[in-house]
Amino acid sequence: MQETTDAPLVRLSGVQKWYGELHVLRDIDLSIARGEVVVVIGPSGAGKSTLCRAINRLETIDEGEISIDGQPLPQEGKALARLRADVGMVFQSFNLFAHKTVLENVTLGPTKVRKQSKADAQARAKELLDRVGVGHQAAKYPAQLSGGQQQRVAIARALAMEPKVMLFDEPTSALDPEMIKEVLDVMVDLAERGMTMVVVTHEMGFARTAANRVVFMADGAVVEEADPETFFTNPQSDRAKDFLGKILKH
Amino acid sequence: MDVVVDNYQFIGIGFAATVLLFLISGIGALLLGTLLVAMRVGPIAVMRRAAATYVTLVRNTPLLLILVFFSLAAPKIGINFQFVKIVISTGWGDIRMTNAFAGATVGLILYTASFVCESLRSGVNAVPVGQAEAARAIGLPFGGVLSNVVLPQALRAALPPLASTLIALLKNTTVAASVLVLESAYALKQILDKTPGTVEKLWPIGVFILVFVILVELLSFASGRLERRWRVAR
């Protein structure tokens, strides 16, 4: 569904990827509008993470084109680094820089990539850390924080770059149940502030409350996409019905 | 015992030269080794292959051959260090850092750098791939990923093998005696040559061993301290 009149912020067209014989991304066409929150769901091995990681070229693609804000993704090099600075990424395993404090984690990008002064970057970092509720942990090292706190720092680290779009690759899959909510709250807040987001997740609750659109993937292909209400109450494909039947039963 | 007492200045100068040789080649090897590992794990295939070839060639060559090359063969093809003429005069005698010293230093740097490269590479492999991905995701270019995120963590992980490499370097400096660098092993040889009697010879040998044990212990102590300090940050 192409519901916007202005150009999409993220556009994938005819994207194909193989791992040897395995066809992990099958002819993906996807456009994401400014301010849109797209949740990608599907069984494991469906290619959700690969798709998410391909958007900032942490995974290369074999065919097709991906563009962000009208710019095609460059090959390796400075141009790619520049483009990545505009795309925030949150990983399943947090990936906070283990040898740097929470504050240094958040200020590294702004000072080294955006060339902000240390003072400016720290002031902004503290604001963001307060916003995600870990302001008082700024001097600690990642290993001293809980998983939920680490993931919120990771979100602050990505936000510090003032990204145009945020990618979330299963951000709550490595978390204890009680910590999932604190991370989802931050993400819902972000969605309400108008951030463009691509979220790979198994959190159907988040998909229902925050998503503008649900993209259902299976076997490397986009099988179905719809607004969350339609998708959850009236899935069209057998694959989606089967998947929802399995996860919503319990 | 008298041999040691009579020659303490000579022995002292020898060990001063050993320590200088170690410090200069150690710093040089760490710098060159870091450059090599950057090439070795970098995105440019030609550089990767060049660094791998360098490591294979140099690491597999006996150190003595490398030092003899810089002492005897290199001058014949126009590589010499005649321009190096540093003599540090002390109360105990002169520490001569001239062409032999410089040639040996270059040889030790080239040789040890290959081991430094491999130690650091083991450290790089120990850094979870997600660390580099997160660094790339905030827009750092390859050099920034390496210098800000990967190498600092690799260094922590590579500390034990690096310490071993540096200890080996410290002991390898004695090979320089064979290309006429006036360092501790050279001093020992000189003293032994003019000392009559087997028992008397044991004293300078004992002192020589003792000083080396102390120097190596200093190195392992420093490495242990660093390891403990960095553990908190991991």
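Just above sits the structure.
In what follows, the accompanying structure is described.

Here is what the cut-offs are and how they apply
Residues numbered from 1 in each chain as written. Chains lettered and ligands numbered in written order. Predicted model: local features only at pLDDT ≥ 70, side-chain atom pairs only at ≥ 80, totals over all residues. Heavy atoms only, no water. Salt bridge = Lys/Arg side-chain N within 4 Å of Asp/Glu carboxyl O. Helix = DSSP H or I, 4+ residues; strand = E, 2+ residues; numbered from the N terminus. Buried < 20%, exposed > 50% of the residue type's maximum accessible area, 1.4 Å probe, protein only. Expected span 1.5 Å × (residues − 1). Contact = heavy atoms within 4.5 Å. Pairing = 2+ DSSP bridges. Axes fitted to C-alpha atoms, helices over the stretch in contact; angles between N-to-C directions. Buried area = accessible area lost by both parts, 1.4 Å probe. Polar contact = N/O pair within 3.5 Å; in protein donor to acceptor, adjacent residues only side chain to side chain.

## Let's talk about the pattern of salt bridges
Point 1. A full pass over the atoms with the stated rule returns 19 salt bridges over all chains.
Point 2. Residue R53 of chain A is joined to E133 of chain B by a salt bridge in which the shortest nitrogen-to-oxygen separation is 2.6 Å. Of this pair, R53 of chain A sits in helix α1 (residues 48-55) while E133 of chain B sits in helix α6 (residues 129-137), which puts the two residues in different chains.
Point 3. On the basis of relative accessibility, which here comes to 12%, the residue R53 of chain A falls in the buried class.
Point 4. For R121 of chain B, the salt bridge is made with E118 of chain B, and the minimal N-O distance between the two is 2.9 Å. On the criterion of helical spacing, the pair formed by R121 of chain B and E118 of chain B is a turn pair, its members being three residues apart in helix α5 (residues 99-126).
Point 5. Judged by its relative accessible area of 23%, R121 of chain B falls in the partly exposed class.
Point 6. Overall, E118 of chain B belongs to the buried group, its relative accessible area being 17%.

## A few points about helix α10 (residues 198-231) of chain B
Residue and element names in this part refer to chain B.
Point 1. Compared with the 50 Å implied by 1.5 Å per residue over 34 residues, the 49 Å span of α10 between its first and last C-alpha is a close match.
Point 2. Taken together, the buried positions of α10 are P204, F208, F212, L215, V216, L219, S223, G224 and W230.
Point 3. Tucked into the core, α10 has its buried residues touching α1 (2-6), α2 (8-40), α7 (142-157), α8 (159-172) and α9 (184-193).

## As for the sheet that holds strand β6 (residues 87-90) of chain A
Residues and elements named next belong to chain A.
Point 1. What the six strands build is an open sheet, ordered β6-β7-β8-β3-β9-β10; its pairing is mixed. Either end of the sheet is taken by a strand with one partner, and the two such strands are β6 and β10 (221-226). The average undirected angle you get between the axes of adjacent strands in this sheet is 20 degrees.
Point 2. Its contacts with the sheet place helix α6 (residues 177-192) against β3 (37-41), β7 (165-169) and β8 (196-200), and it is angled at close to 145 degrees to β8.

## Overview of the interface of chain B and chain A
How large an interface is tends to be reported as the accessible area lost when its parts come together.
Point 1. Taken together, the contact between chain B and chain A spans 18 residues of the former and 25 residues of the latter.
Point 2. Regarding the contact of chain B and chain A, the summed buried area is about 1900 Å², with carbon and sulfur atoms giving 61% of it.
Point 3. Counting the contacts that link chain B with chain A gives one salt bridge.
Point 4. Applying the counting criterion to the chain B and chain A interface returns six residue pairs in polar contact (both at pLDDT 80 or more).
Point 5. When residues in the side of chain B that touches chain A are grouped by element, the largest group, seven residues, is from α6 of chain B.

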